[in-house]
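Summary of structural features
The primary structure of each chain is shown beneath.
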Amino acid sequence: MPLFNIYHPEGTFETTESKAALARDITKVYNLPPFFVTVQFISLATDSVFIGGEIKTDKPFIRITIRHIAVHAKEAAPGFTESITGRIDNALKPHIADKGYDWEYSVTEDPRSFWRINGIAPPPFKSEAELKWRKENKASEWQT
């Protein structure tokens, strides 16, 4: 599961349409069952974000934390890190960079062994069971 927490000041991502468009573009980044991708928008009061000890007032600052659980760089194909960050950059660009916002993101990787969906351990990456989950876009029991 990629989990995107998007921290943004009031006045940005205020409509359901703007949030949905970004969430759809983020979901397209990953070759995973779509329901693996979670995007959460966390609105912050403009006086709650300090950069360098100062309130940021000249333009919005967007901070994104991304947690990868489904696929880790060390298990993926060579060049995965460059590929995934490039795809993330491209997905964010029209929604953040092209609007002139300041922004940053970081990606962490959590142990897959601690991950459950509706109490079910997800099947191995690119397995037949994962392909079934992708096709059905939901979790279901599977056998090893």
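Residues numbered from 1 in each chain as written. Predicted model: local features only at pLDDT ≥ 70, side-chain atom pairs only at ≥ 80, totals over all residues. Heavy atoms only, no water.

Topic: the nonpolar core
The biggest cluster of nonpolar side chains holds 33 residues, and the ones touching the most others in it are Phe-4, Ile-6, Ile-26, Tyr-30, Ile-64 and Ile-88. For this core, the secondary-structure elements that each account for two or more residues are strand S1 (2-9), helix H1 (16-29), strand S5 (61-68), helix H2 (80-92) and helix H3 (128-136). A per-element tally of this core places H2 first, with five residues. What Ile-26 contacts, discounting residues up to four positions off in sequence, is Phe-4, Ile-6, Val-37, Val-39, Ala-91 and Leu-92. (Core = buried A, V, L, I, M, F, W, Y, C linked by side-chain atoms within 4.5 Å. Buried < 20%, exposed > 50% of the residue type's maximum accessible area, 1.4 Å probe, protein only. Helix = DSSP H or I, 4+ residues; strand = E, 2+ residues; numbered from the N terminus. Contact = heavy atoms within 4.5 Å.)

Notes on the pairing of S5
Bridge count between S1 and S5: six bridges; the pairing is antiparallel. Bridge assignment links Leu-3 to a residue of S5, and that residue is Arg-67. The pairing of S5 with strand S6 (residues 102-109) spans eight bridges and is parallel. Across the sheet, the residue bridging to His-68 is Glu-109, located in S6. (Pairing = 2+ DSSP bridges.)

Observations regarding H2
Its 13 residues give H2 an end-to-end C-alpha distance of 18 Å, which sits within 8% of 18 Å, the value for a rise of 1.5 Å per residue. Looking only at H2, the buried set comprises Phe-80, Ile-84, Ile-88, Ala-91 and Leu-92. Each buried residue of H2 sits inside an arc of 95° when the element is viewed along its axis, so together they form one side. Every exposed residue of H2 that faces more than 90 degrees away from the buried side is listed here: Glu-82 and Asn-90. Buried positions along H2 lie against S1, H1, S5 and S6. (Expected span 1.5 Å × (residues − 1). Arc of directions from axis to C-beta.)

Regarding H3
All of the buried residues in H3 are Ala-129, Glu-130 and Trp-133. Taken around the axis of H3, the buried residues stretch over an arc of 100°, which confines them to a single face. For H3, exposure combined with an orientation more than 90 degrees from the buried face picks out Glu-128 and Lys-135. Looking one or two residues past H3, Asn-137 carries a phi angle of roughly 55°, positive in sign.

Here we look at the sheet that holds S6
Strand order in this open sheet of four strands is S2-S1-S5-S6, and the pairing throughout is mixed. Taken across any chain shown, the strands that pair with only one partner, and hence form the sheet edges, are strand S2 (38-44) and S6. Neighbour-to-neighbour, the strand axes of this sheet turn through a mean angle of 15°, independent of strand direction. Across the face of the sheet, H2 comes into contact with S1, S5 and S6 while running at roughly 145° to S6. (Axes fitted to C-alpha atoms, helices over the stretch in contact; angles between N-to-C directions.)

A short note on the pattern of salt bridges
Tallied over the entire structure, the rule returns five salt bridges. Close ionic contact of Lys-28 with Asp-25 constitutes a salt bridge, the shortest N to O distance being 3.7 Å. In this pair, Lys-28 and Asp-25 both sit in helix H1, three residues apart, roughly one turn of the helix. Overall, the relative accessible area of 64% leaves Lys-28 in the exposed class. (Salt bridge = Lys/Arg side-chain N within 4 Å of Asp/Glu carboxyl O.)

Function cannot be read off these values alone, since they describe shape.
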